[in-house]
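# Examining the three-dimensional arrangement
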Amino acid sequence: MKRLLTAFVSCVALAGAPMAGSAAEANKELKMAYDADPVTLDIHEQLSGGILQLSHMTFDPLIRWTKDLQFEPRLAKSWERIDDKTMRFHLREGVKFHSGNTLSSEDVKFTFDRLKKSQDFKAIFQPFSDLKIIDDTTFDLITKEPYPLLLNAATYIFPMDKKFYSGKDDQGRDKDMVSKQVDTFASRHESGTGPYIVTSRQQGVKVEFKRFDDYWDKDSPGNVGHITLTPIKENNTRVSALLSGGVDFIAPVPPTDLDRIKRDPNTDLVTMSGTRIIIFEMNQKRVEAFKDKRVRQAIAYAINQEGIAAKIMKGFATPAAQLSPEGYQGHVDGLKPRYDIAKAKELMKEAGYEDGFTITMMAPNNRYVNDDKIAQAVAAMLARINIKVDLKTLPKAQYWPEFDNRAADMMMIGWHADTEDSANFYEFLTMCPNTDTGAGQYNAGNYCNPELDKLVEQANVETDRDKRAKMLQKVEQGLYDDAAFIPLHWQDLAWASKKNVEIEPILNVMNFPYIGDLVVK
Amino acid sequence: MLAFLVQRIGQAILVMFVISVISFAIQDGLGDPLRQMVGQSVSDAEREQLREDLGLNDPIVVQYARFATNAVQGDLGNSYFYGEPTLDVIMDHLPATLELVIAASLMIIFLSIPIGVYAAIRPRAWLSKFFMGVSTVGISIPVFLTAIVLIQLFSIGVTVDWFPADTGWGQWLNDVFSTDGGMPSYGRGQELTHLFGTWDSNFFSWDGLLHLLLPAVSLASIMLPLFIRLIRAEMMEVLQSDYIRYAQAKGISPWRINFLHALKNTMLPVITVGGVQIGIMVAYTILTETVFQWPGVGLMFLEAITRSDIPLIVAYLMVVGLIFVITNTVVDLVYGLVNPTVKLTGKKA
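For the structure given in this document, a descriptive report is provided here. In every chain, residue numbers begin from 1 and rise along the written sequence. Labels follow written order: the first chain is A, the first ligand is 1, and so on. Per-residue local features are limited, in this predicted model, to residues with pLDDT of at least 70; the limit for side-chain atom pairs, both in listing and counting, is 80 or more; totals at the level of whole chains, interfaces and linings are taken over all residues. For side-chain calculations, the full set of non-hydrogen atoms in the structure is used, while hydrogens and water are omitted.

### A short note on the overall build of chain A
- The helix count covers DSSP runs of H or I at least four residues long, the strand count covers runs of E at least two residues long, and both are numbered beginning at the N terminus. Summing up its helical and strand segments, chain A has 15 helices and 19 strands in all.
- The reference for a compact globule is 2.2 Å times residues^0.38; the radius of gyration itself is calculated from the C-alpha atoms. Computed over its C-alpha atoms, the radius of gyration of chain A comes to 25 Å, within 12% of the 24 Å expected for a compact globule of 521 residues.
- Overall, chain A is about 85 × 55 × 50 Å in size when its C-alpha atoms are taken along their principal axes.
- Only protein chains enter the area calculation, which uses a 1.4 Å probe; residues under 20% of their type maximum are buried, those over 50% are exposed, and those in between are partly exposed. Residue burial in chain A is summarised as follows: out of 521 residues, 58% are buried.
- Here, two residues are considered to be in contact whenever any of their heavy atoms come within 4.5 Å of each other. Within chain A, counting contacts between residues at least 6 apart in sequence, those at least 24 apart form 69% of the total.
- Working definition of accessibility: Shrake-Rupley area with a 1.4 Å probe, residue cover restricted to the visible protein chains. Just so you have it, chain A exposes about 20900 Å², and 49% of that area is on carbon and sulfur atoms.
- Taken together, the 67 basic and 75 acidic charged side chains of chain A have centroids lying 2 Å from each other. In this tally, Asp and Glu contribute negative charge and Lys and Arg positive charge; neither His nor the terminal groups of the chain are included. Taken as the charge centre is NZ of Lys, CZ of Arg, CG of Asp or CD of Glu, depending on the residue.

### Re the sheet that holds strand β5 (residues 86-91) of chain A
Residue and element names in this part refer to chain A.
- Only strands joined by at least two bridges in the DSSP assignment are considered to pair. The sheet built from four strands is open, its strands ordered β4-β5-β7-β6 with antiparallel pairing. Sheet topology places β4 (76-83) and β6 (128-135) at the edges, where each strand pairs with a single neighbour. Within the sheet, the average angular offset between the axes of one strand and its neighbour, ignoring direction, is 20°.
- Two strands pair when backbone bridges link them, and β4 and β5 are joined in this way by six bridges, in the antiparallel orientation. Bridged to Asp83 within β5 is Thr86. Angular values range over 0 to 180 degrees, each being the angle between N-to-C directions of two axes fitted as lines to C-alpha atoms, with helices fitted over their stretch in contact.

### Observations regarding empty space enclosed by the protein
All names here are of chain A.
- Here the term cavity refers to a set of points on a 1 Å grid, laid over the protein atoms alone, in which a 1.4 Å probe fits but cannot get out; the term pocket refers to an open set having protein on both sides within 12 Å along at least five of seven lines, with lining residues being those that place an atom within 4 Å of a point. Grid points are joined across faces, edges and corners, and a volume is the space filled by probe spheres set on the points. Evaluation of the coordinates by the stated rule reveals five cavities of 30 Å³ or more.
- Of the voids in this model, the largest cavity is the one considered here, and its volume is about 80 Å³.
- Forming the boundary of the largest cavity are Ala300, Gln305, Ala320, Ala321, Lys336, Pro337, Arg338, Leu479, Tyr480, Phe485, Ile486 and Pro487.
- In the lining of the largest cavity, the residues fall into nine nonpolar, one polar and two charged.
- The space that makes up the second largest cavity amounts to roughly 50 Å³.
- Along the walls of the second largest cavity sit Leu52, His56, Pro61, Ile63, Arg64, Trp65, Thr155, Tyr156, Phe158, Phe512 and Tyr514, which together make up its complete lining.
- Among the secondary structure elements, those contributing two or more residues to the lining of the second largest cavity are α3 (49-58) and β2 (63-65).
- Ranked by the residues each element gives to the lining of the second largest cavity, the list is headed by β2, at three residues.
- We call Asp, Glu, Lys and Arg charged. Ala, Val, Leu, Ile, Met, Phe, Trp, Tyr, Cys and Pro are nonpolar, and the rest, Gly among them, are polar. Considered class by class, the residues forming the lining of the second largest cavity number eight nonpolar, two polar and one charged.

### Section: the layout of surface pockets
- Looking at the second largest pocket, its volume works out to about 1300 Å³.
- Listing elements by their share of the lining of the second largest pocket, those giving two or more residues are α13 (422-430) and α14 (450-459) of chain A together with α3 (44-53) of chain B.
- A breakdown of the residues in the lining of the second largest pocket according to their chemical character gives 16 nonpolar, 13 polar and 14 charged.

### A closer look at helix α10 (residues 341-350) of chain A
All names here are of chain A.
- Restricting attention to buried positions, one finds in α10 the residues Ile341, Ala344, Leu347 and Met348. Buried positions in α10, seen along its axis, are confined to an arc of 120° and lie on one side of it. Structural note: α10 exposes Ala342 and Lys349 on the side pointing more than 90 degrees away from its buried face.
- Contacts made by the buried residues of α10 are with α8 (293-302), β14 (357-364) and β15 (387-394).
- If you check the start of α10, you find a side-chain oxygen 3.3 Å away from the backbone N of Ala342, and it comes from Asp340.
- Immediately beyond the C-terminal end of α10, within one or two residues, lies Gly352, with a positive phi of roughly 85°. Arc, as used here, means the arc of the directions from the helix axis to the C-beta atoms. In protein, a polar contact requires one atom able to donate a hydrogen and another able to accept it; more generally it is a pair of N or O atoms within 3.5 Å, and residues adjacent in sequence count only if both atoms are side-chain atoms.

### Describing the interface of chain B and chain A
- At the junction of the two partners, chain B supplies 43 residues and chain A supplies 46 residues.
- Throughout, buried area stands for the accessible area (probe radius 1.4 Å) lost by two parts on being put together, summed over both. Overall, the association of chain B and chain A removes approximately 3700 Å² of surface from exposure, summing both partners, and the carbon and sulfur fraction of that is 49%.
- The three residues of chain B that bury the most area against chain A are B:Gln40, B:Ser41 and B:Tyr186, which together make up 19% of that side's buried surface.
- Counted as salt bridges are all cases of a side-chain nitrogen of Lys or Arg within 4 Å of a carboxyl oxygen of Asp or Glu. Here chain B is connected to chain A by three salt bridges.
- The residue B:Glu46 makes a salt bridge to A:Lys122 at a minimum N-O spacing of 2.7 Å.

### With respect to the pattern of salt bridges
- Enumeration over the complete set of coordinates arrives at 33 salt bridges over all chains.
- If you follow the salt bridges from partner to partner, you end up with A:Asp60, A:Arg74 and A:Asp217 in one network.

### Focus on the packing of helix α12 (residues 297-306) of chain B against helix α13 (residues 310-338) of chain B
All names here are of chain B.
- At a minimum axis distance of 9 Å, the contact between α12 and α13 shows a crossing angle of 145°. Viewed along their axes, α12 and α13 form a crossing whose handedness is left-handed. Residues Val297, Gly298, Met300, Phe301, Ala304 and Ile305 of α12 pack against Leu312, Ile313, Tyr316 and Leu317 of α13.
- Residue composition of the contact of α12 with α13, grouped by class: nine nonpolar, one polar and no charged. By definition, any crossing whose near helix is turned counterclockwise from its far helix by less than a right angle is left-handed, and any crossing with a clockwise turn is right-handed.

### Some thoughts on the packing of aromatic side chains
Residues and elements named next belong to chain A.
- Between rings of Phe, Tyr and Trp, where Trp is taken as its six-membered ring, a pair exists when centres lie within 6.5 Å; planes separated by under 30 degrees are stacked, by over 60 edge-to-face, and by other angles tilted. Summed over all chains, the structure comprises 34 aromatic pairs over all chains.
- Where Phe112 meets Phe125, the ring centres are 6.1 Å apart and the plane angle is 90°; that geometry is what we call edge-to-face. Taken together, the residues Phe112 in helix α4 (residues 105-117) and Phe125 in the loop between α4 and β6 connect sequence positions 13 residues apart.
- Using a relative accessible area of 1% as the deciding quantity, one classes Phe112 as buried.
- Geometry around Phe185 places Lys175 over its ring, the cationic atom sitting 4.7 Å from the centre. Counted as over-ring charges are cases with an Arg CZ or a Lys NZ within 6 Å of the ring centre that also lie within 35 degrees of the ring normal.

Below, the structure is given as structure tokens:
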């Protein structure tokens with residue numbers, strides 16, 4: 001009888017909406033292993049890859065990025081520009097939170113206000129002045145100035161359940177409190193609109209999820225009913241867990257094991273060129289020679305990005321000559337790595353440094369993929385143009401204080417733009433350091449070109465996409481010509497799964513797998 | 001006895017005090033905990049505020065005084081990362097580590113004694129030589145390598161094609177050297193039995209035991225050879241002594257001589273070494289737990305270091321210090337039971 005009934009239901013479902021059938025039978029198991037588990041359930045406590053991955057599982061954003069960096073409606077079914085500073089959003093109707101409450105503009109407003117209080121997220125929402133409720137399912141997002149990245153920021157709005165997060169917890173603290181220091185209500189409880197509900201969680205051991213029965217997106221092909229997320233920090237152990245069949249899906253995959261996974265007949269490997277740029281900054285305040293554009297260019301000519309990507313990164317990186325990866329507005333197609341030792345030597349001679357000089361260099365040794373080996377390679381390459389490098393690599397916990405003190409002449413940093421936009425790179429890495437505005441916070445090179453800064457500022461209030469792209473590209477070109485820093489590569493991303501887990505369609509360059517849409521055969 | 005215990009408690013307090021001072025003194029070298037707590041684009045001012053809130057801007061002496069005042073009341077501070085009292089975090093993770101140590105210790109006890117005794121009684125037997133050979137290899141392979149090899153062999157499995165597969169014997173040899181894999185390679189598994197408090201046990205389900213096996217074997221692999229060799233050497237010496245020869249002349253059964261008279265005296269130095277080694281084993285769990293993602297205090301400690309979670313690091317070191325003191329005390333007591341001629345310090349003669 002039961003089988004008959006199921007057959008009948010799936011028939012109806014097939015006839016009605018072809019996709020709905022699979023959504024109704026979310027009964028597959030998925031065991032996945034990341035290198036870390038989410039620090040907290042409060043999606044506003046920390047801005048990190050891990051938390052955003054969690055956000056996409058337990059919550060839903062207003063809009064989200066597609067694979068080709070376009071916007072896709074989620075909880076907001078449509079939006080339109082009202083004026084220069086205002087965008088009107090229309091929410092989907094009848095969307096339920098895990099608590100059973102219904103989503104309304106009030107919840108979005110609550111979330112927006114909470115984001116502005118969060119230490120990590122407030123910077124992204126700094127350009128916004130207000131969120132105005134029009135009715136239950138309509139609201140306006142208003143910026144202080146015309147702001148071209150309004151929609152980029154909207155991908156960070158994952159509406160939280162206002163009723164659920166209101167009132168006091170058993171320790172007498174407000175339930176909506178955001179704090180890194182104390183155990184808050186929100187860090188232990190969640191009520192979002194997302195495809196998965198957290199059923200149990202042991203920090204550092206595992207998190208268990210189950211599919212939300214009333215999930216609004218009936219068109220989602222996702223058929224995973226239960227997920228166990230285990231953090232496995234050791235690369236080797238994570239790969240072994242997949243190869244031995246202990247888990248179905250792992251990320252990240254270390255470059256040394258790519259071949260091993262490709263060779264295995266039971267696993268699939270997906271790699272993608274990433275958006276995290278790795279660069280070296282040359283401190284002009286500490287080294288007189290770095291003030292000379294020709295010396296910086298000489299260094300840029302001396303570095304063999306292709307070689308590093310091929311030999312050290314084992315092809316697991318895209319050689320870079322600029323900050324903006326492909327698909328970003330500032331990306332300039334023509335900029336290619338300019339490796340040419342003869343030209344580099346010539347420039348050094350021209351600048352009067354034929355005999356070279358000695359500098360210090362620092363890099364982390366456990367932050368980016370192969371960071372210490374890359375630094376050694378760069379040091380060796382600089383030796384060929386007579387720049388002697390005194391290299392020190394440190395664990396990340398010790399590296400960042402040194403970075404803040406600008407403790408070496410050349411320092412490594414990797415950067416991912418939270419807004420998925422070129423301007424973010426310039427604001428943090430190349431604009432003239434200014435402690436009042438916070439510009440150039442990670443510009444350890446102290447490079448300063450007011451003209452380019454002005455362009456960035458103009459671009460930040462230009463809402464015309466094409467005009468803005470032109471401005472950003474001009475900045476990128478200017479930085480290249482000035483050899484403001486030494487770009488190395490964009491770190492690739494890699495995921496691996498068992499053959500029956502179809503991860504390819506749900507992966508993207510932001511590294512937020514949309515697990516809700518995952519299909520397991 | 002009482003005086004002995006009081007003296008040991010005094011020592012324990014001293015040890016904890018020294019550990020806490022040392023770990024406080026080196027905390028600057030452990031890096032900046034804030035970097036691990038906030039996103040990269042958080043402004044300097046925000047970070048400075050958080051630093052102030054955490055009391056990290058106070059002079060180190062003030063910070064230590066605050067820590068010590070709370071510590072004597074049993075409060076070792078809150079972990080930055082977990083946001084919970086450090087002792088709670090450690091108690092959550094400690095059972096996993098203790099089970100691993102217990103499992104490894106059991107393996108060592110039940111393997112090293114028979115093998116060691118056998119190797120001492122029949123030093124020329126080929127099996128003895130085999131055990132001695134394997135133990136030499138075992139003692140010289142680092143524990144993480146053992147762990148990785150175990151995972152490859154028994155979790156992932158290897159297919160061997162060294163021999164011609166078209167011949168019967170080749171195929172047979174290939175099969176002998178190939179392994180299927182399938183053993184769990186990480187974590188404690190799903191089927192844990194709740195005992196009490198934070199203690200969930202792996203010992204009471206088949207799945208739990210399977211998960212425990214590989215980590216315990218690799219942890220035991222460092223100590224096992226040592227104990228086999230120790231027991232063999234001691235036993236051989238004891239077997240030479242007059243009272244054994246006398247017993248043999250008297251016609252007492254060899255079994256009784258070997259396992260009752262000889263073994264008892266063999267065990268004295270073994271217990272001494274064992275006590276120290278259990279402490280060292282707790283330290284080795286850091287490596288084993290990392291490779292097997294075993295959620296115990298070793299893994300927790302290693303992660304605390306990468307996160308510069310200073311309160312947790314300090315608390316871990318103090319708890320491990322305490323464990324060392326306790327095991328040594330217990331060993332001294334047991335020693336007194338096995339050999340009544342040994343006097344405990346502090347005990348009146």
